[in-house]
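Per-entry structural report
Okay, here's what each chain looks like letter by letter:
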Amino acid sequence: MAVLGKIPVGLNCRSIAEADWEEVISCLCRGFPQRDRVYWTQALSRQSQMPAVADFPRYGFILEIEGKGVGVVLTIYVLHQGPEGEHVRCNLSSWYVDVDYRPYASKMIAVLLRQRTVTFINVSPAPDTRKVNEALGFRLFSKGQFAFLPVLSSMRSSYRVLEVKPDLPELAMLPESERHMLAEHAALGCWSLLCVDQQAAYPFVLMPRKSWGGLVPTCQVIYCRDMAALSRCAGTLGRFLLRKGIFISLVDATAAVPNLVGRYFDDRGVKYVKGPNPPPLGDLTFTELVLFGP
């Protein structure tokens, strides 16, 4: 049954099933020619391994006509544990509709946005969709990125960095939600780390990547509790990253981050949110950046 309301005969929008993968991948390859079929196959495979959240779609929606996919939006639903309890977050990703069916593109998203208790994020809006995001009620929660050199930050002698492993005793210093998050991101290829001293443990997730045209090895901050924790531990993390051959780190920001040596780039890596529980800066957990790759 169509979910878009009155639409042309034969045009239908419905949840993606595994049987649709080939059509979905073909559509995404048309929309994002810089990505190949291997990339999208891996993306859907990783989505299939994510735990289902209630009765929300596992993969997203496909717009089809006579069995042919002409539009796709992928959705990554995750149950997050926040200060006020559990809430559902959905990363809207890889939104594309063939030219002849563009009038129905925003309606695909409008169907999803009826879920009033869900917080929707878009962490990679294409330049030509930013006005559409804003028209749909999304607002910026990150309007730039801060590139910094953590090794130049002061280092507290009592701090040390530990790579997270299942039997690491210091994990007991964290709540269960952070222990689970660290383990899951380590399995996805990120660096899940603890910066610890005798009194406290600060969790971090960093993802190695290459920036500036793929020429410069960097790492993206996927998770930190807040900017204060990042500033406090940056020097210690910098020594760890130096051993990996990485000098530059990136974190979402709205301005320069105090006590970090670097430069703020406005209007770079902008991210949008709509819903009751916007993520804090420094929280990109379980987003497409991790599951699909940069």
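Residues numbered from 1 in each chain as written. Predicted model: local features only at pLDDT ≥ 70, side-chain atom pairs only at ≥ 80, totals over all residues. Heavy atoms only, no water.

So, the pattern of salt bridges
- Applying the stated criterion to the full structure yields 10 salt bridges.
- Across the pair R30 and D98 runs a salt bridge, and its minimum N-O distance is 2.9 Å. Pair noted here: R30 is in helix α1 (residues 21-31) and D98 is in the loop between β4 (85-97) and α3 (105-112), with a separation of 68 residues, a long-range link.
- For R30, a relative accessible area of 34% puts it in the partly exposed group.
- In this structure, E176 engages R179 in a salt bridge whose closest nitrogen and oxygen atoms are separated by 2.8 Å. Residue E176 and its partner R179 are located together in helix α5 (residues 176-187), separated by three residues, close to a single helical turn.
- Overall, R179 belongs to the partly exposed group, its relative accessible area being 28%.
- When salt bridges with common partners are traced through the structure, they connect R14, D20 and E64 into a single cluster. (Salt bridge = Lys/Arg side-chain N within 4 Å of Asp/Glu carboxyl O. Helix = DSSP H or I, 4+ residues; strand = E, 2+ residues; numbered from the N terminus. Buried < 20%, exposed > 50% of the residue type's maximum accessible area, 1.4 Å probe, protein only.)

Some words on the state of the cysteines
- Under the definition given, this model contains zero disulfides.
- Residue C29 stays outside any disulfide, its sulfur separated by 9.5 Å from that of C27, the closest cysteine.
- C29 sits in the buried class, given a relative accessible area of 18%.
- Left unpaired, C90 is separated from the closest cysteine sulfur, that of C13, by 13 Å. (Disulfide = S-S within 2.5 Å.)

Quick notes on α1
- Where α1 is concerned, the buried positions are W21, V24, I25, C27, L28 and C29.
- The inward-facing, buried residues of α1 contact α2 (37-49), β2 (60-65), β3 (68-82) and β4. (Contact = heavy atoms within 4.5 Å.)

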